[in-house]
Amino acid sequence: MPSSRPWVRIEDILENALAVLEYTQGMELADYLSDRKTRDACERCLSRISEAAVKLGPFAEEAFPEHGWRGIRDIGNILRHEYDQVETLNIWDVITINLPPLIRDIEIALANRDISEV
């Protein structure tokens, strides 16, 4: 069932995405691969992002159609149920390629939303 407070879920996504970038700031792939705590923390945040995306329902695609919401939702299932098959390089790509534009678009949308939408 979609959230009755979609902008709160969007803020959850932003908070966790920013945390991932904070955790990986200044890191190269080799640093990330050798730092289990950072990998675990990032995967937990990605799980939260995935769950918030699930709770958004179709609002996500309507508000941010340029992002791959199916993949965002699916990553949570992979991290929870297929954790032994997680491809760390794919997670790194999500962090370095997919999160920055998502963060940018969410920040713009939050800055421009009508306060009555809260």
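Below you will find a few notes about this structure. (Residues numbered from 1 in each chain as written. Predicted model: local features only at pLDDT ≥ 70, side-chain atom pairs only at ≥ 80, totals over all residues. Heavy atoms only, no water.)

**Focus on the overall build of the protein**
Right, so step 1: In terms of helices and strands, the protein carries 6 helices and 0 strands.
Right, so step 2: Listing each helix as α and each strand as β along the protein from the N terminus yields α-α-α-α-α-α.
Right, so step 3: A burial count over the protein gives 40% of its 118 residues as buried.
Right, so step 4: Considering only intrachain contacts with a sequence separation of at least 6, the fraction spanning at least 24 residues in the protein is 73%.
Right, so step 5: Entry remark: accessible area of the protein is about 7,200 Å², with carbon and sulfur atoms responsible for 50%. (Helix = DSSP H or I, 4+ residues; strand = E, 2+ residues; numbered from the N terminus. Buried < 20%, exposed > 50% of the residue type's maximum accessible area, 1.4 Å probe, protein only. Contact = heavy atoms within 4.5 Å. Areas by Shrake-Rupley, 256 points an atom, 1.4 Å probe, with all protein chains shown as cover.)

**A short note on the environment of Ile95**
Right, so step 1: You can see Ile95 is positioned in helix H6 (residues 88-112).
Right, so step 2: Judged by its relative accessible area of 1%, Ile95 falls in the buried class.
Right, so step 3: Dropping the residues within four chain positions of it, Ile95 is found in contact with Val20, Leu21, Thr24, Tyr32, Cys42 and Pro100.

**Describing H6**
Right, so step 1: Here H6 contains 25 residues, and its C-alpha end-to-end distance of 35 Å stays within 8% of the 36 Å for a straight helix at 1.5 Å per residue.
Right, so step 2: In the structure, H6 departs most strongly from a straight axis at Asn98, where the bend amounts to approximately 40° and where the proline Pro100 lies between one and four residues downstream.
Right, so step 3: For H6, the full list of buried residues reads Ile91, Trp92, Ile95, Leu99, Leu102, Ile103, Asp105, Ile106, Ala109 and Leu110. (Expected span 1.5 Å × (residues − 1). Bend = angle between axes of the 7 residues up to and from the residue.)

**Quick word on helix H1 (residues 6-24)**
Right, so step 1: Look at H1: 27 Å from first C-alpha to last across 19 residues, which is about the 27 Å you get at 1.5 Å a residue.
Right, so step 2: If you check which residues of H1 are buried, you get Pro6, Trp7, Arg9, Ile10, Ile13, Leu14, Asn16, Ala17, Ala19, Val20 and Thr24.
Right, so step 3: A positive backbone phi angle near 80° is found at Gly26, which sits one or two residues after H1.

**Describing the side chain of Arg39**
Right, so step 1: Mapped onto the elements of the fold, Arg39 is located in helix H3 (residues 36-56).
Right, so step 2: The buried charged residue Arg39 lacks any salt bridge partner; its closest oppositely charged side chain belongs to Glu43, at an N-O distance of 5.3 Å.
Right, so step 3: With near-sequence residues (within four places) excluded, Arg39 lies in contact with Tyr32, Leu33, Ser34 and Thr88. (Lys, Arg positive; Asp, Glu negative; His and termini not counted. Salt bridge = Lys/Arg side-chain N within 4 Å of Asp/Glu carboxyl O.)

**Observations concerning the pattern of salt bridges**
Right, so step 1: Considering all chains together, one arrives at 6 salt bridges under this definition.
Right, so step 2: Between Glu61 and Arg73 there is a salt bridge; the shortest N-O distance is 2.6 Å. Taken together, the residues span a long stretch of sequence, with Glu61 in helix H4 (residues 59-63) and Arg73 in helix H5 (residues 69-81) at a distance of 12 residues.
Right, so step 3: With a closest N to O distance of 3.0 Å, Asp105 and Arg104 form a salt bridge.
Right, so step 4: Here Asp105 falls in the buried class, since its relative accessible area comes to 13%.

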